[in-house]
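Descriptive analysis of the structure
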Amino acid sequence: MEWSKIKTMFIYLFLILNIILLMAYIYTIKLNNTEFYQEKDAIIKSIKNDDIDIIEPQIKKDSLSYISGSIHDFKEPIIKIENYSYELINTNSGRKLFIRFDTPIANINNNNYRDVLNLFITEKLDKGFSYSFDNYSDKTKMITYRQTVDNLKIYDNINALIEFKVDENGDIKSMVQSGLVDIKKDISENIATYNQVIYKLYHENYIPKNSRVVSSLGYYTSASQILNQVLIPVWKIEVNYLGDKQYYYVDAINIKILEKNNE
């Protein structure tokens, strides 16, 4: 047999083999997609049967980036009020700012105390930082505001918040401030939806029956040196079961559970 004919035959054989392999690959993808959607449909149906109430988040985004920043070393307050005193609190990661007011700036017993504090932060404090209300702890008598980047909170970070102390009369007469500066963004990446994250938590048995699930986007510290920090986009998932709240921080890019606590 002539060499040219043998060569042609091998070419056809390789072509047929490639076609077979391509068909097998496409079949595998279709099979995996079918199994994925079947599993997803099963999870959605199971969540509904377990009477789990999923609250839609206020802020949704298709993509976010890793960000980095430096812990601000406070020197003195930049504040537009009179009659206050301050001191700088030395920590391992820089100095925080403690301010004591001669008269209360708000009272927690008033229904609008959050509006008053929001206005105080935006109008009276250094405009180089932005903060958003996070919670009030009746146990510690502390109101916590977390620093935000593009309206997304920096979670679980003691170097990016304001804490207002509430006295026995409900008066707010002191605060401690910390913050990150020189915020830089990396390249944006696609992130998981809140439903994808909730389905994963449910699939891994972190969400019991009759729960109420609330999710919110934010940032979480993935790497921290003495003064510099790298933050990743996360979904904070609150699971409320019979009044007991459990919180999960999930990497929004890789859908990896980073931390769980009951705060």
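Look above for the structure.
Let us look at the structure shown here. Please read these numbers as outputs of a predicted model, since none were measured by experiment. (Residues numbered from 1 in each chain as written. Predicted model: local features only at pLDDT ≥ 70, side-chain atom pairs only at ≥ 80, totals over all residues. Heavy atoms only, no water.)

A separate point is the side chain of serine 174. Note on placement: serine 174 falls in strand β11 (residues 171-177). In this structure serine 174 comes out as buried when scored by relative accessible area, which is 10%. Residues in contact with serine 174, not counting those within four places in the same chain, are Phe98, Ile99, Arg100, Phe101, Glu163, Phe164 and Lys165. (Helix = DSSP H or I, 4+ residues; strand = E, 2+ residues; numbered from the N terminus. Buried < 20%, exposed > 50% of the residue type's maximum accessible area, 1.4 Å probe, protein only. Contact = heavy atoms within 4.5 Å.)

Judged by nonpolar contacts, the single largest core of 31 residues is most densely connected at Ile207, Tyr219 and Ile237. Sorting the residues of this core by element identifies α1 (3-49), β3 (67-71), β9 (152-155), α3 (194-203), β14 (212-224), β15 (228-241) and β16 (244-251) as the ones contributing at least two each. Sort the elements by how many residues they give to this core and α3 lands first, with six residues. For tyrosine 219, the residues in contact, after removing those within four places along its chain, are Leu64, Ser65, Ile67, Val149, Leu152, Lys153, Ile154, Tyr155, Leu231, Ile232, Pro233 and Val234. (Core = buried A, V, L, I, M, F, W, Y, C linked by side-chain atoms within 4.5 Å.)

With that out of the way, let us pick up the layout of surface pockets. For the largest pocket, the calculated volume is near 1,000 Å³. In terms of lining, the largest pocket is formed by 35 residues, of which the most central are Phe133, Asp134, Asn135, Lys153 and Lys236. Those elements that place two or more of their residues in the lining of the largest pocket are β7 (131-137), β8 (142-149), β9, β10 (161-166), β14 and β15. For the lining of the largest pocket, the element with the highest residue contribution is β7, accounting for six residues. (1 Å grid on protein atoms, 1.4 Å probe; cavity = no way out; pocket = protein on both sides within 12 Å on 5 of 7 lines; lining within 4 Å. Points joined across faces, edges and corners; volume = space filled by probe spheres on them.)

The relation between two aromatic rings is expressed through the spacing of the ring centres and the mutual angle of the planes. With the rule as written, the count across this model stands at 10 aromatic pairs. On the basis of an interplanar angle of 90 degrees and a centroid distance of 5.5 Å, the ring pair of phenylalanine 101 and phenylalanine 120 is categorised as edge-to-face. Of this pair, phenylalanine 101 sits in strand β5 (residues 94-101) while phenylalanine 120 sits in helix α2 (residues 113-124); the two residues are 19 residues apart in sequence, bridging distant segments of the chain. By relative accessible area, which is 3% here, phenylalanine 101 ends up buried. Residue classification places phenylalanine 120 among the buried residues on the basis of a relative accessible area of 7%. Sitting over the ring of phenylalanine 133, arginine 114 keeps its end group 3.8 Å from the ring centre. (Phe/Tyr/Trp six-rings, centres within 6.5 Å; stacked < 30°, edge-to-face > 60°. Lys NZ or Arg CZ within 6 Å of the ring centre and 35° of its normal.)

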